[in-house]
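# Results of the structural survey
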Amino acid sequence: MTDTETLLDDALLLVEQNFYFLHMGEFFGKLSKTENFTDRSLFVVKKYENERAYYFNAEIIHELLLNAQKTKKEDISLFEYFVEFNAFRGICMATVESLRFESPFKEFMQNLFKEQYENFFDIISFVRNVLSHNIHSEIRLNAKDYDGTLKRIRRMHRDSNIVFAFQYALNLPEIGAPNDAYTFTCKIDFESLEEGMPFLEILSMWDLMMLSELCFNLVMTYRMKEEQKIKREIGQG
């Protein structure tokens, strides 16, 4: 494999791994709300080479478990919050990086999304930027979160009012959507964005979950098609 092919494969793998992490994290988040772990041993030690070890703080673990127990099922605990946003950031970051290469994966995405490709790229770049730069507990925008994307849109003479609509049954039938109505739409007017705007008023948690799932499904579909292509080439050979 070339260096570019290796980097692309690593980026696609990172999308998959973050999506798995999101699912496992959500499971443990739910479990921490319904099960009492505070009466168990909270001693955690990590062993490293040269007989080195790191001892985790049991009091911190205890506090997080108490936070989870006090959180209503329909609300998000501190643990779930960081699981979700770290996964969203990781998935969108890896997807953006994978599309920086001229590669069969980028061609697959462009052929699939057609005129929506640039809109998709702008949206996931925006999510990556916000979640990488954010230091506000309420996740409020910084100008650098959207300024570069807005300039890019202007250079390309595109409409800054971005709309991305996706229907699985129509656009990605290989996945086998639960029903024909399994759709979602993201809309961002980049000209209207201002510093201090709450991120979750622009894209909801549901939007972020659906975008993350889509990135994962795109990687899985691409890998499936590449495997089928290799098998055909072997058969023809």
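So, here's what we can say about the structure.

Calculation notes
Residues numbered from 1 in each chain as written. Predicted model: local features only at pLDDT ≥ 70, side-chain atom pairs only at ≥ 80, totals over all residues. Heavy atoms only, no water. Phe/Tyr/Trp six-rings, centres within 6.5 Å; stacked < 30°, edge-to-face > 60°. Helix = DSSP H or I, 4+ residues; strand = E, 2+ residues; numbered from the N terminus. Buried < 20%, exposed > 50% of the residue type's maximum accessible area, 1.4 Å probe, protein only. Disulfide = S-S within 2.5 Å. Salt bridge = Lys/Arg side-chain N within 4 Å of Asp/Glu carboxyl O. Expected span 1.5 Å × (residues − 1). Arc of directions from axis to C-beta. Polar contact = N/O pair within 3.5 Å; in protein donor to acceptor, adjacent residues only side chain to side chain.

Moving on: the packing of aromatic side chains. Following the criterion strictly, the structure yields 23 aromatic pairs and no others. Residues Y20 and F216 carry aromatic rings whose centres are separated by 5.7 Å and whose planes lie at 70 degrees to one another, so their mutual orientation is edge-to-face. Of this pair, Y20 sits in helix 1 (residues 3–34) while F216 sits in helix 8 (residues 205–236), and the two are 196 residues apart along the sequence. Note on Y20: relative accessible area 46%, which makes it partly exposed. The buried category is assigned to F216, whose relative accessible area is 11%. The interplanar angle of 85 degrees and the centroid separation of 5.8 Å between the aromatic rings of F85 and F88 together place this pair among those described as edge-to-face. Pair noted here: F85 and F88 are both in helix 3 (residues 78–98), with a separation of 3 residues, about one helical turn.

Our focus in this paragraph is the state of the cysteines. By the definition in use, this model includes 0 disulfides. No disulfide involves C215; its nearest neighbouring cysteine sulfur is the one of C92, lying 5.2 Å away. Judged by its relative accessible area of 1%, C215 is buried.

Glancing now at the pattern of salt bridges. Taken as a whole and judged by the stated rule, the model has 13 salt bridges. A salt bridge links E97 to R128, with the nearest nitrogen and oxygen atoms 3.3 Å apart. Of this pair, E97 sits in helix 3 while R128 is found in helix 5 (residues 117–133), placing the two residues 31 residues apart along the sequence. Judged by relative accessible area, E97 falls into the partly exposed class, the value being 29%. Salt bridges here are not isolated pairs; linked through shared partners, they connect E118, D122, R152 and R158.

Right, let's get into helix 6 (residues 143–155). If you check helix 6, its first and last C-alpha atoms are 18 Å apart, about what 13 residues at 1.5 Å a residue would give, namely 18 Å. Along helix 6, the residues that are buried comprise D145, Y146, T149, L150, R152 and I153. Down the axis of helix 6, the sector holding all buried residues measures 160 degrees, keeping them to one side. Across helix 6 from its buried face, at more than 90 degrees, point the exposed residues K144 and R155. Between a side-chain oxygen at the N-terminus of helix 6 and the backbone nitrogen of K144 the separation is 3.1 Å; the capping residue is N142. Of the residues trailing helix 6, H157 is marked for its positive phi of about 55 degrees.

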